[in-house]
Amino acid sequence: MKKQIILITTCATLLMSAWSAQAQQAGLSDYYLAPVEAEIQAHNHANSKAGAVAGIWLTQSGNLEVEISKCGQALCGKVSRVLEASAAPAMGKTIMAGFTPTLSTKAATWSGKIFNRADGQTYDCQMRMLSSTELEITPYKDSPENGRSQVWTRVSNTVTAQK
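Before we move on, can you summarise the overall build of the protein with the specific residues and values?
Scanning the protein from terminus to terminus reveals 2 helices and 8 strands. For the protein, the proportion of its 163 residues judged to be buried stands at 31%. Relative to all contacts within the protein whose residues are 6 or more apart in sequence, the contacts with residues 24 or more apart total 39%. Only carbon and sulfur atoms are counted for the fraction: they give 54% of the accessible area of the protein, which is about 9700 Å².

Account for the nonpolar core, naming residues and giving values.
In this structure, I68, M96, M127 and L135 are the most contacted members of the largest nonpolar core, which totals 21 residues. Residue assignment for this core shows that the elements contributing at least two residues are β2 (64-71), β3 (74-82), β4 (94-101), β5 (109-116), β6 (121-131) and β7 (134-140).

Now, about the sheet that holds β6: what can you tell me, with residues and values included?
Spatial ordering of the closed barrel is given by β1-β2-β3-β4-β5-β6-β7-β8, a layout of 8 strands whose pairing is antiparallel. Here the average twist between neighbouring strands, direction ignored, is 35°.

Please give an account of the pattern of salt bridges that cites residues and values.
Summed over all chains, the structure comprises 3 salt bridges. Between E65 and R81 there is a salt bridge, with its nearest N and O atoms 3.4 Å apart. Of this pair, E65 sits in strand β2 while R81 sits in strand β3; the two residues are 16 residues apart in sequence, bridging distant segments of the chain. A relative accessible area of 44% means that R81 is categorised as partly exposed. K113 is paired through a salt bridge with D124; the nearest N and O atoms lie 2.5 Å apart.

Go over the environment of Q60, please, and point to the residues and values.
Along the chain, Q60 falls in the loop between β1 (55-58) and β2. Linking Q60 and L135, residues 75 residues apart in sequence, is a C-alpha distance of 9.8 Å. Beyond its immediate sequence surroundings of up to four residues, Q60 is in contact with Q150, V151 and W152. Polar side-chain contacts of Q60 include one of 2.7 Å to the backbone nitrogen of V151.

Any chance you could break down the environment of Q121 for me, citing the residues and the numbers?
Inspection of the secondary structure puts Q121 in strand β6. Apart from residues no more than four positions distant in its own chain, Q121 is found in contact with I114, F115 and N116.

Just give me the short version of the side chain of T102, but keep the residues and values in it.
You can see T102 is positioned in the loop between β4 and β5. Side-chain polar atoms of T102 contact the side chain of S111, separated by 2.7 Å. Among all residues touching T102, those that are not within four sequence positions of it are T109, W110 and S111.

Could you give an account of the pairing of β7, with specific residues and numbers?
Here β7 lies mainly inside the structure; 5 of its 7 residues are buried. Bridging between β6 and β7 involves 7 bridges; their strand directions are antiparallel. Paired with M127 across the two strands is I137, which belongs to β7. With antiparallel pairing between neighbouring strands as the criterion, β6 and β7 make up a hairpin whose turn holds 2 residues. Sheet topology places β7 next to strand β8 (residues 150-156); 4 bridges connect them, and they run antiparallel. Along β8, the bridge assignment pairs L135 with W152.

Calculation rules
- What you see as residue numbers is a count from 1 along each chain, following the sequence as written.
- Per-residue local features of the predicted model are confined to residues with pLDDT of at least 70, and side-chain atom pairs are confined, for both listing and counting, to 80 or more; whole-chain, interface and lining totals are unaffected and use all residues.
- Water and hydrogen atoms were dropped before computing side-chain values, which therefore reflect all heavy atoms in the structure.
- Secondary structure is summarised from DSSP: a helix means a run of H or I of at least four residues, a strand means a run of E of at least two, and numbering begins at the N terminus for each.
- Whether a residue is buried, partly exposed or exposed follows from its accessible area with a 1.4 Å probe, protein chains only, as a fraction of its type maximum: under 20%, in between, or over 50%, in that order.
- We call two residues in contact when some of their heavy atoms are within 4.5 Å.
- Only the protein chains shown count as cover for residues, with accessible areas throughout obtained via the Shrake-Rupley method and a probe of 1.4 Å.
- Buried residues of nine kinds, namely Ala, Val, Leu, Ile, Met, Phe, Trp, Tyr and Cys, make up a nonpolar core once their side-chain atoms join them within 4.5 Å.
- Only strands that DSSP links by at least two bridges are regarded as paired with each other.
- Every angle, taken between N-to-C directions, lies between 0 and 180 degrees, and every axis is a line fitted to C-alpha atoms, over only the stretch in contact when it is a helix.
- When a carboxyl oxygen of Asp or Glu lies within 4 Å of a side-chain nitrogen of Lys or Arg, that pair is called a salt bridge.
- Counting of polar contacts relies on pairs of N or O atoms within 3.5 Å, with two restrictions inside protein: one atom must be capable of donating a hydrogen and the other of accepting it, and residues adjacent in sequence are counted only when both atoms are side-chain atoms.

Following this line, the structure appears as structure tokens:
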């Protein structure tokens, strides 16, 4: 899948370059290429940042550490340490799944699913790196704007096992 994405991105870049040259010869501006070019750059940026997200993160509530790593072609998060006795049943549970780069944003953002232990529900979720030590997690029902963000803090860059 990764090779396919690279091939598609490369082909799109080559087509844009060829179209841009023809458009300039015809006296057309690059105005129409900007949205497509922005999407490709956002996708490349998010993919390059995927490795930076891998590691162990402390939830905002401070009761769990979640290890984020590659799971097939996506990112997932599994509870790697329980810091509060009431959270004990969460140990080893995958609470984040299917996080893939989001093409419609300029920042390195991923979309996937997250499980909320408090209500037993699974929600759509956006994940965005704020810095090398802060990760914004936004679970939501209808759209990210309706979500309530929380910031997780990096504990370690070490990932114990690749999926």
